[in-house]
Amino acid sequence: MKQLSMIGVPMDLGQMRRGVDMGPSAIRYAGVLERLEEIGYEVEDLGDLPIEKNSRLLQKQQPDYHHYQAVKQVNEKLAHQVSSIFQNKRFPLVLGGDHSIAIGTIAGAASHFQRLGVIWLDAHGDVNTKETSPSGNIHGMPLAISLGYGDQGLTSIYGTSAKVRPEDVVLIATRELDPGEKMFLKKHRIKVFTMHEIDLLGMPEVMKQTVDYLKHCDGVHLSFDLDSLDPDEAPGVGTPVNGGLTYRESLIAVELLHRENIITSAEFVEVNPILDERNKTAEKTVDLISSLLGEKLL
């Protein structure tokens, strides 16, 4: 029997819009545990990581980073938790929460591989630093931090500064970048498939090229922000951007990743039930998780 450990991270402190802290509960309510058990997984639900929201902690600020101490503390705990799941030879599935939790997920995963690849499905690049961020929201910085760029207190969580290399990262469904992010991606020659490329090539070709590009990695982490889908398909997300993936395109992406059998850990983030319609974004998240992990129609 396939073994999986699931942990929720109900945090919305990496950004300013409230609601994504309820994402893990919405995904659980949509039946993720039952669906995974139906396809043959022995699921260990570790519950939710405790999130400290006392006023003293939130007042401890680092210039240019909102809720710095709280976000740092959560990601330190998450990195240890993810690493422990790997040590127990189980598949880590993390439910967010805002995308700043990728700092901890990737840090914990990277400690178990020589070269961890990262597939970043997201409308945004999330490669801002304090010098380029228009907002100071850490959920716009986790990929840059995982690459070793940003505040040392965040880049050094659970090990050395850089957890992944630029040549081991692929961004997919990107369609909104800040000026500094465009410069960062070009400077570091990071592989990006914008929605333009997806429209021209089609999702099967994009995923084929992605898998080929990361074939030298001994592990691959999938970081799936639900805002990669179009808001008409997934309205309940933290930072919606028009012109995104269809539901079918996103399913094809994860189905092909399952077929290639390269994903060694995954997180699904930025589900915001406050903005959702009858929990349909969480329900689609469960569909995506199930398809990534092997659910088939026949």
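Residues numbered from 1 in each chain as written. Predicted model: local features only at pLDDT ≥ 70, side-chain atom pairs only at ≥ 80, totals over all residues. Heavy atoms only, no water.

- The protein is annotated in an unreviewed UniProt entry as Arginase of Aliibacillus thermotolerans.
- Database annotation for the protein, UniProt heading Catalytic activity (unreviewed entry): "L-arginine + H2O = urea + L-ornithine". (UniProt positions renumbered as here; feature names shortened; annotations may be inferred.)

### Considering the environment of valine 271
Part 1: Considering the arrangement of structural elements, one finds valine 271 in the loop between strand 8 (263-269) and helix 12 (280-292).
Part 2: Exposure remark for valine 271: the relative accessible area of 0% places this residue in the buried category.
Part 3: A sequence separation of 31 residues divides valine 271 from proline 240, and the C-alpha atoms of the two residues are 10 Å apart.
Part 4: Setting aside residues no more than four positions away along its own chain, valine 271 makes contact with Gly19, Val20, Gly23, Ile27, Leu226, Gly236, Thr281, Ala282 and Thr285. (Helix = DSSP H or I, 4+ residues; strand = E, 2+ residues; numbered from the N terminus. Buried < 20%, exposed > 50% of the residue type's maximum accessible area, 1.4 Å probe, protein only. Contact = heavy atoms within 4.5 Å.)

### Focus on the sheet that holds strand 2 (residues 41-48)
Part 1: The strand order 2-1-3-8-7-4-5-6 describes an open sheet built from eight strands, whose pairing is parallel. Here the strands that pair on one side only, and so sit at the sheet edges, are strand 2 and strand 6 (191-194). Strand after strand, the sheet turns through a mean of 15° between neighbouring axes, direction not considered.
Part 2: For strand 5 (residues 169-174) and strand 6, the ladder comprises four bridges, and the chain directions are parallel. Directly across from valine 170, in strand 6, lies its bridge partner lysine 191.
Part 3: Each of strand 3 (91-96), strand 4 (116-121), strand 7 (219-225) and strand 8 touches helix 5 (residues 102-110); the most contacted strand, strand 4, lies at about 155° to it. (Pairing = 2+ DSSP bridges. Axes fitted to C-alpha atoms, helices over the stretch in contact; angles between N-to-C directions.)

### Some words on the pattern of salt bridges
Part 1: One pass over the full model with this rule turns up twelve salt bridges.
Part 2: Between glutamate 295 and arginine 35 there is a salt bridge whose closest N-O contact spans 2.8 Å. With glutamate 295 in the segment after helix 12 and arginine 35 in helix 2 (residues 32-38), this pair connects stretches of sequence that are 260 residues apart.
Part 3: Residue glutamate 295 is classed as partly exposed on the basis of its relative accessible area of 23%.
Part 4: The salt bridge involving glutamate 167 is made with arginine 115; its shortest N-O contact spans 3.5 Å. (Salt bridge = Lys/Arg side-chain N within 4 Å of Asp/Glu carboxyl O.)

### Structural notes on the packing of aromatic side chains
Part 1: The final tally for this structure, using the stated rule, is four aromatic pairs.
Part 2: Arranged with centres 5.8 Å apart and planes meeting at 55°, the rings of tyrosine 65 and tyrosine 68 form a pair that is tilted.
Part 3: Taking the relative accessible area as the measure of exposure, tyrosine 65 reaches 4% and is therefore buried.
Part 4: Given a relative accessible area of 4%, tyrosine 68 falls into the buried group. (Phe/Tyr/Trp six-rings, centres within 6.5 Å; stacked < 30°, edge-to-face > 60°.)

### A few points about the nonpolar core
Part 1: Judged by nonpolar contacts, the single largest core of 50 residues is most densely connected at Leu36, Leu93, Ile172, Leu222, Ile263 and Phe268.
Part 2: Ignoring sequence-local partners within four residues, the contact set of phenylalanine 268 consists of Leu93, Val94, Leu95, Gly96, Leu222, Phe224, Leu226, Thr285, Leu288, Ile289 and Leu292.
Part 3: Tyr68, Phe86, Ile106 and Leu154 belong to the second-largest nonpolar core, a separate cluster that totals 43 residues. (Core = buried A, V, L, I, M, F, W, Y, C linked by side-chain atoms within 4.5 Å.)

### A few points about unusual backbone geometry
With glycine set apart, most residues show a phi of negative sign, and most peptide bonds adopt trans.
Part 1: Residue glycine 97 is reached from glycine 96 by a cis peptide bond, and omega for that bond is 20°.
Part 2: Relative to the helices and strands, glycine 97 resides in the loop between strand 3 and helix 5.
Part 3: For aspartate 126, which is not a glycine, the phi torsion comes out positive at approximately 55°.
Part 4: For aspartate 126, a relative accessible area of 4% puts it in the buried group.
Part 5: Although it is not a glycine, tyrosine 158 adopts a positive phi angle of roughly 55°.
Part 6: Its place among the elements puts tyrosine 158 in the loop between helix 7 (152-155) and strand 5.

### Observations concerning the packing of helix 11 (residues 247-260) against helix 12
How two helices sit against one another is set out by the angle between their axes and by the gap between those axes.
Part 1: Closest axis-to-axis distance for the helix 11/helix 12 pair is 7 Å, and the angle between their directions is 25°. Judged by the inter-axis angle, helix 11 sits roughly parallel to helix 12. Counted together, Tyr247, Ser250, Leu251, Val254, Glu255, Leu257 and His258 of helix 11 and Lys284, Asp287, Leu288, Ser291 and Leu292 of helix 12 form the full contact between these two elements.
Part 2: For the contact of helix 11 with helix 12, the per-class residue count stands at six nonpolar, three polar and three charged. (Parallel < 35°, antiparallel > 145°, perpendicular 65-115°, else oblique. Nonpolar A, V, L, I, M, F, W, Y, C, P; charged D, E, K, R; others polar.)

### Quick look at the layout of surface pockets
Which parts of space are left empty comes out when a probe the size of a water molecule is rolled across the atoms.
Part 1: Of the volumes computed, that of the largest pocket is approximately 330 Å³.
Part 2: In terms of lining, the largest pocket is formed by 22 residues, of which the most central are His124, Ser135, His139, Gly140 and Thr239.
Part 3: When grouped by side-chain class, the residues that make up the lining of the largest pocket number three nonpolar, eleven polar and eight charged.
Part 4: Estimates place the volume of the second largest pocket at around 180 Å³.
Part 5: In terms of lining, the second largest pocket is formed by Lys2, Gln3, Tyr41, Phe91, Leu257, His258, Asn261, Ile262, Ile263, Leu292 and Leu293.
Part 6: Elements supplying a minimum of two residues to the lining of the second largest pocket: strand 1 (2-9) and helix 11.
Part 7: Looking at side-chain class alone, the lining of the second largest pocket contains seven nonpolar, three polar and one charged residues. (1 Å grid on protein atoms, 1.4 Å probe; cavity = no way out; pocket = protein on both sides within 12 Å on 5 of 7 lines; lining within 4 Å. Points joined across faces, edges and corners; volume = space filled by probe spheres on them.)

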